[in-house]
Amino acid sequence: MAQNNYSFISGKIYRQPPHFGPATGPRQGPSGKIGEFNEPNKEWPKQTDWIVNFLSNEDQLAALCPPGFSPVGEPVVTISLTDMRNIPWLAGRGYKMLGAMFNVMFEGKQDRAMGPLLTVLWENMPDAICSGREELGFSKEYCNLPDPWEFDGTTRFSADWFGFRFCDMELTDMKPVPVAEPAVPEVPEGTQLGLLHYRYMPRIGEWGTPDASYPVITPAANPNVKVTEMFQGKGTVKFHKAQWEDMPTQYMIVNGLAALEIKEYRGAMIRHYSGSKDLSDQRILR
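Here we summarise the structure given alongside this text. The written sequence of each chain sets the order in which its residues are numbered from 1. In keeping with the model being predicted, local features are shown solely for residues with a pLDDT of at least 70 and side-chain atom pairs are shown and tallied solely at 80 or more, while totals for entire chains, interfaces and linings include all residues. Only heavy atoms go into the side-chain values, all of them from the structure, while hydrogens and water stay out.

All right, on to unusual backbone geometry then. Peptide bonds are mostly trans, and most non-glycine residues show a negative phi. Cis rather than trans, the peptide bond between Gln16 and Pro17 has omega equal to -10°. Helix and strand definitions here come from DSSP, where helices need a minimum of 4 consecutive H or I residues and strands a minimum of 2 consecutive E residues; each element is numbered from the N-terminal end. Structurally, Pro17 can be placed in the segment before strand E1 (46-55). With an omega of 0°, the peptide bond running from Trp44 to Pro45 counts as cis. Along the polypeptide, Pro45 turns up in the segment before E1. Phi at Asp152 takes a positive value of approximately 55°, unusual for a residue other than glycine. Among the structural elements, Asp152 can be located in the loop between strand E7 (149-151) and strand E8 (154-161). With phi around 55°, Asp173 is a residue other than glycine that occupies positive phi space. The residue Asp173 is located in strand E9 (residues 164-177) in this model. Assessed through its relative accessible area of 40%, Asp173 is described here as partly exposed. Exposure classes here rest on a 1.4 Å probe applied to the protein chains alone. A residue is buried below 20% of its type maximum, exposed above 50%, and partly exposed in between.

Our next topic: the pairing of strand E5 (residues 112-123). Summarising burial for E5: nine of the 12 residues are buried, a large majority. Here the rule is simple: two strands pair whenever DSSP picks up at least two bridges between them. In this sheet, E5 lies alongside strand E4 (residues 95-107) in antiparallel orientation, the contact comprising 11 bridges. Bridge assignment links Met105 to a residue of E5, and that residue is Met114. In this structure, the hairpin formed by E4 and E5 is closed by a connection of four residues.

All right, on to the pattern of salt bridges then. Salt bridge, as used here, is a side-chain nitrogen of Lys or Arg placed within 4 Å of a carboxyl oxygen of Asp or Glu. Summed over all chains, the structure comprises 18 salt bridges. When the shortest N-O distance is used, the salt bridge between Arg266 and Glu74 registers 2.9 Å. Taken together, the positions of Arg266 in strand E13 (residues 264-274) and Glu74 in the loop between strand E2 (69-71) and strand E3 (76-85) put the pair 192 residues apart, joining distant regions of the chain. According to the relative accessible area criterion, Arg266 is partly exposed, its value standing at 32%. With a shortest N-O distance of 3.6 Å, Glu107 and Arg112 are connected by a salt bridge. On the basis of relative accessible area, Arg112 is assigned to the partly exposed category, the value being 30%.

For the rest of this paragraph, the subject is the packing of aromatic side chains. Pairs were defined over the aromatic rings of Phe, Tyr and Trp, the Trp ring being its six-membered one, requiring ring centres within 6.5 Å. Orientation was assigned from the angle between planes: stacked under 30 degrees, edge-to-face over 60, tilted for the rest. Per the counting criterion, the structure on display carries eight aromatic pairs. A ring pair is formed by Phe69 and Tyr198, whose centres lie 6.4 Å apart and whose planes are at 80°; its orientation type is edge-to-face. Residue Phe69 is located in strand E2, and its partner Tyr198 is located in strand E10 (residues 191-202); the two are separated by 129 residues in the primary sequence. Note on Phe69: relative accessible area 8%, which makes it buried. Look at Trp122 and Phe166: their rings are 4.8 Å apart centre to centre, the planes differ by 45°, and that puts the pair in the tilted class. Of this pair, Trp122 sits in strand E5 while Phe166 is found in strand E9, placing the two residues 44 residues apart along the sequence. Above the ring of Phe138, the side-chain terminus of Lys140 is found at 5.4 Å from the ring centroid. Note on geometry: a ring has a charge over it if NZ (lysine) or CZ (arginine) is within 6 Å of the ring centre and within 35 degrees of the ring normal.

What follows concerns helix H2 (residues 126-136). Turn by turn, an α-helix covers 3.6 residues, leaving residues three or four places apart pointing in a common direction. Restricting attention to buried positions, one finds in H2 the residues Ala128, Ile129, Ser131, Gly132 and Leu136. Throughout, a residue-residue contact means that at least one pair of heavy atoms, one from each residue, lies within 4.5 Å. The elements touched by buried residues of H2 are E4, E5, strand E6 (140-142) and strand E11 (210-219).

For the rest of this paragraph, the subject is helix H3 (residues 251-258). Among all positions of H3, only Val254, Asn255 and Leu257 are buried. Within H3, the buried residues cover an arc of 160° as seen down the axis, which keeps them to one side. Against E4, E5, E9 and strand E12 (226-239) lie the buried residues of H3. By definition, the arc is the one covered by directions from the helix axis to the C-beta atoms.

Inspection of the secondary structure puts Thr209 in the loop between E10 and E11. Here the alpha-carbon distance between Thr209 and Glu245, two residues 36 residues apart in the chain, equals 27 Å. Once you skip the residues sitting within four places of it in the chain, Thr209 turns out to touch Tyr200, Pro202 and Arg203.

Our focus in this paragraph is the side chain of Ser131. Positionally, Ser131 belongs in helix H2. Here the side chain of Ser131 touches Ala128 through a polar contact of 3.3 Å, landing on its backbone oxygen. What Ser131 contacts, discounting residues up to four positions off in sequence, is Arg15, Pro26, Arg27, Trp89 and Leu136. Here a polar contact is recorded for every N or O atom pair within 3.5 Å, except that within protein the pair must consist of a potential hydrogen donor and a potential acceptor, and residues adjacent in sequence are included only if both atoms are side-chain atoms.

Below, the structure is given as structure tokens:
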């Protein structure tokens, strides 16, 4: 009888399928070293953000908040498209992301944190979706994200799922502005700043019961980032209501965003920058 040597090495990152050994990805390189792609002062990946903000309805945003979370400040929703290129853990390849977020406060038994709650993040790279959902607790989904196109001073982009276009965004009158460090908001003592998430994984065979269900933070500190250009102007965004047949597993997400009230637009931004971190500082909030 063949000997079974199936075991997990402590301190190594595994993902489905685990049968073939530790997984390579953003936080564990081919050498097996954790943090291999997190060396300081790197000039990659190259990134561009296209961002549109709008003032919405606080009650609608509160309904999207998991336990312990509540909207904070003005109910401004941010929709952002990010194009990442020359990504080290993908050996120079890239992908795009489309996210929807708004500022919240989290108050737990031990921790207090403030920052944008990332309600959903679409990506067009399955590998990034798998690693982000399993290792970080990001609310990731798949969609097609074509390159933005610019004509006559207007930049447009759309997102679709198997041909159903569910989002359109448009930026106009973009003017260069001085590159500046983002303002650090005043927060109560002991409050952590960062990008906030809620990790949920269902328990197999016990529907409605989670295997994992807890808040997570991506700490704001990212010393590798170097912004090279910034532009500000006007922008609009529209999510198109979907039928079940249009997006069988995602129509409820799109319709939830399409239902958000847009009271007024609060400007748009294009930002070019380089550098990142591997998000191995991600942690559970308690």
